[in-house]
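# Architecture at a glance
Residues per chain are reported as follows:
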Protein chains: 2
Amino acid sequence: MRNQSRVVIESIYPQIDGGNHFIKAVVDQIIPVQADVLVDGHDVIAASVLFKHENDKNWQEHRMSSMENDRWSGNFTVSKQGHYSYKIQGWVDYALNWQHGTQRKIDDGQKVTSELLEGAEYLSSISKKANKTEAAYLKELQSAFKDPARYDEAIAGATSEKLHQILSKYPEKKLVNESEPLGVYVDRLKAQFSTWYEFFPRSAASEEGKHGTFKDCIELLPRVAKMGFDTLYFPPIHPIGEVNRKGKNNTTEAKDGDVGSCWGIGSKEGGHKSIHPELGSEADFKKLVKEANKLGIEVAMDFALQAAPDHPWVKEHPEWFKWRPDGTVQYAENPPKKYQDILPIYFESKDWKNLWDEMLTAALYWIEEFGVQVYRVDNPHTKPYYFWGWLISEVKKKHPNVLFLSEAFTKPKVMHQLAKRGFTQSYTYFTWRNNKQELIEYVNELTTTDQQWFFRPNFWPNTPDINPWALQGSMESVYLQKYFLAATLSSNTGIYGPVFEFMEGAALPGKEEYLDSEKFQIRHWDWTQENKLTTLIARINELRKEHKALQQTNNIEFLQVENEQLLAYYKFDAAKESEIIAVVNLDPYYAQNGWIQLPLSEMGISEGQQIKVQDLITKSSYIWDKEWNFVELHPALPFHLFKVEK
Amino acid sequence: MRNQSRVVIESIYPQIDGGNHFIKAVVDQIIPVQADVLVDGHDVIAASVLFKHENDKNWQEHRMSSMENDRWSGNFTVSKQGHYSYKIQGWVDYALNWQHGTQRKIDDGQKVTSELLEGAEYLSSISKKANKTEAAYLKELQSAFKDPARYDEAIAGATSEKLHQILSKYPEKKLVNESEPLGVYVDRLKAQFSTWYEFFPRSAASEEGKHGTFKDCIELLPRVAKMGFDTLYFPPIHPIGEVNRKGKNNTTEAKDGDVGSCWGIGSKEGGHKSIHPELGSEADFKKLVKEANKLGIEVAMDFALQAAPDHPWVKEHPEWFKWRPDGTVQYAENPPKKYQDILPIYFESKDWKNLWDEMLTAALYWIEEFGVQVYRVDNPHTKPYYFWGWLISEVKKKHPNVLFLSEAFTKPKVMHQLAKRGFTQSYTYFTWRNNKQELIEYVNELTTTDQQWFFRPNFWPNTPDINPWALQGSMESVYLQKYFLAATLSSNTGIYGPVFEFMEGAALPGKEEYLDSEKFQIRHWDWTQENKLTTLIARINELRKEHKALQQTNNIEFLQVENEQLLAYYKFDAAKESEIIAVVNLDPYYAQNGWIQLPLSEMGISEGQQIKVQDLITKSSYIWDKEWNFVELHPALPFHLFKVEK
């Protein structure tokens, strides 16, 4: 193929899988861009990053600057929600090239009369674009270029920095080359900074033995708000199947009065667009959402695409389920695990288009009728990737504020693929990362590889499905440490609330499952309880809101500490207006001390320069003026959250 | 976009820049392929690599196998020259999935009667594709599946390895997904394995003071063949410009009788399609090419796109050159370097399409009229990348045997870009890599990064343009060592012959330029001379022809040696039928000894196992039965080339 352009553009960063997937950002984020931009020979080239929002007509342009080894860097800011495109443009800058070549000939002692005549032509065409002052200067220079008597003046002007600035400002773009556009999807800030609290509404009653209701939940909202959570996530609130209903502790036979698993969705009372009658009415739920919003809390719903055997879909759309040769329907199973109360959706159904449409309708229903803006999606990895790409994109076209959290605790590439298809946030392996090396490795993987551009982690120390070994029967210091890590390593964080804050770590023997799990029964909690953990969670959440450095995840640098039980990290915002140093004692039993190395160059300070670090929890302040500084932490309060003041 | 396929394919290896450029191979090469192939849930999937030659109608298929972490690997062999496409195909294998699921249920103690009925359906449809024996077996099994009385027999058959093999052999591909095709360009073997000798035909005369001719060159062919070279490269053989002709040692004023630089192409005698009259006639050159071919030598021409001021192009196509405002034409210049005898082609000319066509015509002329099959391209980095991509592709469409060596000694990404655009081979930085660490780092960069797929190195210790510091005034041991390294590290190698083999290292003071360079004058050589260097070069070249391990570059593993002056490496062919261990003493003055570690696992041997290593130069043999083995090398013969026998 013939193409006269001489500039080649390659290896653009960031991009995911050659541009097959968009990168992710939030409103007002600065996206750094790099690319190889080359020309044959030795000509001077220039490059820009061009970008535009899907609703914009024209591309905006930011000039790039050249680094080492034919690499160029630049950036652009995404100021609106939605899809952006960006691409790189490169060209030979003839005027700058002329200036550079003329300078080299002068340095070589050559007479540049002919070059000045050539330059005069560039000046003439550029002066048409320049402002008045510039144009006057160019005109004057042009006369000098043409006047042999003014040769010295002419070469001084020709090689001047002033002329260089003007030439750079008004490039004559000829034979421009452009890369194929790449995509960014921009979300509201909450995609990146959110604090989740999960409880089962049926356990919300203040009176023991009673089924909790949305009205009870409304009573609990001030408590959730006071603790600083901005997202209240409920397991499914739909009618619970009665056929094959599970009993307490996942037993197969439900006894009278057993409430079943709320993930066994659907009964004669309705399916994915209905509310479990015992929780209350549609009006109650609407009120709950509204009251929550007033307190700065969004209610997150569970989007669990599966059906109890008595879900209306099973009768109305039998082709959406897999029927076995013996006429029975296939329930969910991963031997030896069995979910007799749950039928998986058969996505290979011939009626798949209607099936997809119905799923979308269900998602839109709660958004459009009840104002729900956040979905936590149950086991998305057991439904096709293309389906999620389609569904999320359809929802966000109409409702760009809606966020999707992917609950896929599975193989890494499966989790990544879901994120690439559009999930806003993802649960992570944080739940099982305990020692210093594991934590550093994992967070570095999330924040320094390409994952930083598509996989937004949400760190949960526990969930109703996971009572991790590290929390089972643990002491307070472990809970303190886990919440602190989750909430300061990651800007998205959440807890399955009551069992965590009341430190109810009892487990089914030999399993990472809670004993008497709320998945299968109602639990009674004393919601009036406050303890050291609730106080400190509230304080940490308050600090997250106050300090921008804690509202991003990809802004972390781990610090050297000569103690394997002490983990220290530096976090910062782009403008370095908010700088935090966090230190955690990972030893639940003993005080640990050690020396922390400050990242001097990253912090922009030099050895000997005094900085003040103030512990935002205890309000103690220290003056540090060395590169290495002593810290000691006791399990009773196993962390420092230092604000750095220079 | 809706797509019901459940399989996702990503991160295919190898590929260059997201498939923008083809990878390179030679005939009969096995291309290893890897890809991420994923499905939602836990279903059993399968994957294939599909490939086809540009002239084939149908895709061929090779099944891939699953590795760790959702990565799949496979390979395919390219058996013809030209363009191939390859792509990855993935699908859920329903029958295998059924077998796997049934096995898990049996392991869990479940009765699988319904599963057997389901299996009977798979067996029925697969038996239509199976051969007679297999079909009979499947039919029998099917009856057992349906007969409750034969349950034990049925489940034994259902979970048998035999059935597994049949199911794997006849996959039912439904909802298949495929990656976008990627490209391979396949060359003849010589692209990868070639041994070059360069001399100036005008210095070929046996009598001092006479201008060499093609007839003299023909006399030298047996000598070149005896030394084992298969490619004889001549600097330009076209008429040399008379205007601004250069004098000896690059002086600006040519004296009477000065022959000028042969890169100053074109005079009243003609241009790129003419022969310098003093070298002989077209018939002479044709005969030279033919005689060379008879001896297994191909004549490589220089393709140098530039013109002397008196080149016919300048008058006939003034618009192909850049004219300055003062009416003069721009000569080639990179201050303070000046090439007054050379005008660069102005590729930004408005008449660029005709210009490109003429360049192509010039390239085709020597191929079609004289049988030339190899071009060494002069300074391709000063002409546009797109031009090269077009020209090389146009030539190879008609003449796939033609090879292009890129003479670009410049910035790494520029050299890489030329290779990506289609150059068969490239000159490299080998010329300046001297110590052990530099050599290991550079060869590893070439052979273990993506460069292995697009950048085919050709290692030259010297060229007429480069008399490297390391060779200036050096002793024989350095020349021995350099040739050995060039010819065993890289399967493409070459020397600018006479100055190298006669060790004429005299340089212009302070420059990496030869004194009395043949670029500007005729030199007289005693072509009857033979010395230790010529003998060893011949022996090394002979061994390169005998040992497949030396006919590839990307098959190298450096070995641990506890001596910074000893470099050791293991080379092998894919079938491990040819295995070589090379050891070089990099110290030109002193003997060096040390212990070499054998790469036991790579070699497929264990500690204690005896191997015989025979030095192919000296014929000495050693029995090694340890992981670490002693070697000692003297500068008089500074290398071992061991053949490994197990």
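What you see as residue numbers is a count from 1 along each chain, following the sequence as written. A letter from A marks each chain and a number from 1 marks each ligand, given out in the order of writing. Residue-level local features of this predicted model are given only where pLDDT is at least 70; pairs of side-chain atoms are given and counted only at 80 or more, and the full residue set underlies all totals for whole chains, interfaces and linings. Based on all heavy atoms of the structure, the side-chain values leave hydrogens and waters out of the count.

### Digging into the overall build of chain A
Strands here mean DSSP runs of E at least two residues long; helices mean DSSP runs of H or I at least four residues long; both are numbered from the N terminus. In terms of helices and strands, chain A carries 17 helices and 30 strands. Counting only C-alpha atoms, chain A reaches 110 × 65 × 40 Å along its principal axes. Only protein chains enter the area calculation, which uses a 1.4 Å probe; residues under 20% of their type maximum are buried, those over 50% are exposed, and those in between are partly exposed. Counting only residues that meet the buried cut, chain A has 60% of its 646 residues in that class. The criterion used for residue contact is that any of the two residues' heavy atoms lie within 4.5 Å. Of the contacts formed within chain A by residues at least 6 apart in sequence, a portion of 75% connects residues at least 24 apart.

### Quick look at the pairing of strand 28 (residues 621-624) of chain A
Residues and elements named next belong to chain A. Of the strand pairs in this sheet, strand 27 (residues 611-615) and strand 28 are connected by four bridges, and their pairing is antiparallel. In the strand pairing of strand 28, Val 613 is matched with Tyr 622. Between the end of strand 27 and the start of strand 28, which pair antiparallel, lie five residues, with Lys 619 showing a positive phi angle near 70°. For two strands to be treated as a pair, DSSP must find at least two bridges joining them.

### Thoughts on the packing of helix 2 (residues 113-127) of chain B against helix 3 (residues 132-146) of chain B
All names here are of chain B. Axis definition: a line fit to C-alpha positions, over the contact stretch in the case of helices; interaxial angles, taken between N-to-C directions, run 0 to 180 degrees. Relative orientation of the contacting elements helix 2 and helix 3 amounts to 160°, with a least axis distance of 9 Å. As far as their axial angle goes, helix 3 and helix 2 are roughly antiparallel. In this structure, helix 2 crosses over helix 3, and the sense of that crossing is left-handed. Contacts from Leu 116, Leu 117, Gly 119, Ala 120, Leu 123, Ser 124, Ile 126 and Ser 127 in helix 2 reach Ala 135, Leu 138, Leu 141, Gln 142, Phe 145 and Lys 146 in helix 3. Charged residues are taken to be Asp, Glu, Lys and Arg, nonpolar residues to be Ala, Val, Leu, Ile, Met, Phe, Trp, Tyr, Cys and Pro, and polar residues to be all remaining types, Gly included. Looking at the contact of helix 2 with helix 3 residue by residue, the class counts come to nine nonpolar, four polar and one charged. For classification purposes, angles smaller than 35 degrees are called roughly parallel, those larger than 145 roughly antiparallel, those between 65 and 115 roughly perpendicular, and all remaining angles oblique. If you view the pair so one helix is near and one far, a crossing is left-handed when the near helix is turned anticlockwise from the far one by less than a right angle, and right-handed when it is turned clockwise.

### Focus on the relation of the copies chain B and chain A
Mapping between the two chain copies consists of a rotation about an axis together with a translation along that axis. Mapping chain B onto chain A is achieved by rotating through 180° and translating by 0.0 Å along the same axis, at an RMSD of 0.1 Å. The symmetry that links the two subunits is that of a two-fold axis. Residue B:Gly18 of chain B places its C-alpha closer to the rotation axis than any other residue of that unit, at 2.6 Å. Take the interface residues of chain B: 100% of them recur as interface residues in chain A, which is what a same-surface contact looks like. Fitting of the copies onto one another was done by least squares over C-alpha atoms, counting residues only where both copies have pLDDT of at least 70.

### What about the sheet that holds strand 19 (residues 403-407) of chain B?
Residue and element names in this part refer to chain B. Reading across the sheet, the eight strands line up as 21-20-19-18-13-12-11-22 and stay open at both edges, with parallel pairing between neighbours. Looking at strand neighbours, the two that pair on one side only are strand 21 (457-458) and strand 22 (492-496), the edges of this open sheet. Taken together, the five bridges between strand 18 (residues 374-378) and strand 19 define a ladder with parallel strand orientation. Within strand 19, the position partnered with Tyr 375 by the bridge is Phe 404.

### Section: the environment of B:Ser406
Residues and elements named next belong to chain B. By the secondary structure assignment, Ser 406 is in strand 19. Linking Ser 406 and Pro 239, residues 167 residues apart in sequence, is a C-alpha distance of 23 Å. Setting aside residues no more than four positions away along its own chain, Ser 406 makes contact with Val 377, Pro 380, Leu 418, Phe 423, Gln 425, Ser 426 and Tyr 427.

### Some thoughts on the domain arrangement of chain A
All names here are of chain A. How far each domain reaches was decided by an automatic or database domain assignment. In terms of domain boundaries, chain A breaks down into domain 1 (7-91), domain 2 (95-175), domain 3 (190-237 + 278-305 + 352-551), domain 4 (240-274 + 306-344) and domain 5 (556-645). Its C-alpha centre places domain 1 at a distance of 35 Å from the equivalent point of domain 3. Counting from both sides, the interface comprises 15 residues of domain 1 and, opposite them, 15 residues of domain 3. One speaks of a salt bridge when a side-chain nitrogen belonging to Lys or Arg is within 4 Å of a carboxyl oxygen belonging to Asp or Glu. Summed over the shared surface of domain 1 and domain 3, the result is one salt bridge. A salt bridge links Asp 17 to Lys 420, with the nearest nitrogen and oxygen atoms 2.7 Å apart. Side-chain atoms alone can form a polar contact between residues adjacent in sequence; in general such a contact is a pair of N or O atoms within 3.5 Å, and within protein one must be able to donate a hydrogen while the other accepts it. There are 10 residue pairs in polar contact (both at pLDDT 80 or more) connecting domain 1 and domain 3. Elements supplying a minimum of two residues to the side of domain 1 that touches domain 3: strand 2 (23-26) and strand 3 (29-39).

### Things to note about the sheet that holds strand 30 (residues 639-645) of chain B
Each strand in a sheet pairs with its neighbour through backbone hydrogen bonds, running either in the same direction (parallel) or in the opposite one (antiparallel). Residues and elements named next belong to chain B. The sheet built from six strands is open, its strands ordered 23-24-25-30-27-28 with antiparallel pairing. The sheet is open, and its two borders are formed by strand 23 (556-558) and strand 28 (621-624), each paired with just one other strand. Across the sheet, the mean angle from the axis of one strand to that of its neighbour is 25°, orientation sign disregarded. Sheet strands touched by helix 14 (residues 476-489): strand 23, strand 24 (566-572), strand 25 (579-585) and strand 30. Its angle to strand 24, the strand with the most contacts, is close to 30°.

### Some thoughts on the packing of aromatic side chains
Residues and elements named next belong to chain A. Each Phe, Tyr or Trp ring, with Trp reduced to its six-membered ring, pairs with another whose centre is within 6.5 Å; inter-plane angles below 30 degrees give stacked pairs, above 60 give edge-to-face pairs, and intermediate values give tilted ones. Scanning all chains against the criterion turns up 100 aromatic pairs over all chains. Relative to Tyr 514, the ring of Tyr 496 has its centre 5.7 Å away and its plane inclined at 80°; by these criteria the two rings are edge-to-face. Of this pair, Tyr 496 sits in strand 22 (residues 492-496) while Tyr 514 sits in the loop between helix 15 (497-501) and helix 16 (532-546), placing them 18 residues apart in sequence. Here the two residues Tyr 496 and Tyr 514 agree in accessibility, since each one is buried. Note on Phe 502 and Trp 525: the rings are 6.0 Å apart at their centroids and 40° apart in plane angle, and the pair reads as tilted. Placement of Phe 502 in the loop between helix 15 and helix 16 and of Trp 525 in the loop between helix 15 and helix 16 is noted, with a sequence separation of 23 residues between them. Both residues of the pair, Phe 502 and Trp 525, count as buried. Put simply, the rings of Tyr 197, Phe 199, Phe 229, Phe 234, Tyr 479, Tyr 483, Phe 500, Phe 502, Trp 525 and Trp 527 touch in pairs and so form one group of aromatic residues. Cation over ring: Lys 420 sits above Phe 454, and NZ or CZ is 5.2 Å from the ring centre. Only Lys NZ and Arg CZ are tested; either one counts as a charge over a ring when it is within 6 Å of the ring centre and within 35 degrees of the ring normal.

### Side note on the interface of chain B and chain A
Residue-level contacts link 64 residues of chain B with 64 residues of chain A. In this description, buried area is defined as the sum, over both parts, of the accessible area (probe of 1.4 Å) that is lost when the two are combined. Summing both partners gives a buried area of about 5,800 Å² for chain B against chain A, and 47% of it is carried by carbon and sulfur. Looking at the side of chain B facing chain A, the largest losses of area belong to B:Arg2, B:Tyr386 and B:Lys413, adding up to 14% of the total buried there. Connecting chain B to chain A are 18 salt bridges. Linking B:Asp36 and A:Lys413 is a salt bridge whose minimum nitrogen-to-oxygen distance equals 2.8 Å. Our enumeration of links across chain B and chain A arrives at 50 residue pairs in polar contact (both at pLDDT 80 or more). Elements supplying a minimum of two residues to the side of chain B that touches chain A: strand 1 (7-13), strand 3 (29-39), helix 1 (94-107), helix 2, strand 15 (332-334), helix 9 (352-370), helix 10 (385-398) and helix 11 (412-420) of chain B. Taken together, the residues that form the side of chain B that touches chain A break down as 20 nonpolar, 17 polar and 27 charged.

### Thoughts on the pattern of salt bridges
Taken as a whole and assessed by the stated rule, the structure comprises 90 salt bridges over all chains. A salt bridge links A:Asp108 to B:Lys338; the nearest nitrogen and oxygen atoms lie 2.8 Å apart. Highlighted residues: A:Asp108 in the loop between helix 1 (94-107) and helix 2 (113-127) and B:Lys338 in strand 16 (residues 337-339), drawn from two different chains. Residue A:Asp108 is classed as partly exposed on the basis of its relative accessible area, which comes to 26%. With a closest N to O distance of 3.5 Å, B:Glu504 and B:Arg523 form a salt bridge. Here B:Arg523 lies in the loop between helix 15 (497-501) and helix 16 (532-546) and B:Glu504 lies in the loop between helix 15 and helix 16, a separation of 19 residues in the sequence. The exposure class of B:Glu504 is partly exposed, given its relative accessible area of 33%. A network of salt bridges, in which partner residues are shared, links A:Lys105, A:Glu115, B:Arg324, B:Asp326 and B:Glu333.

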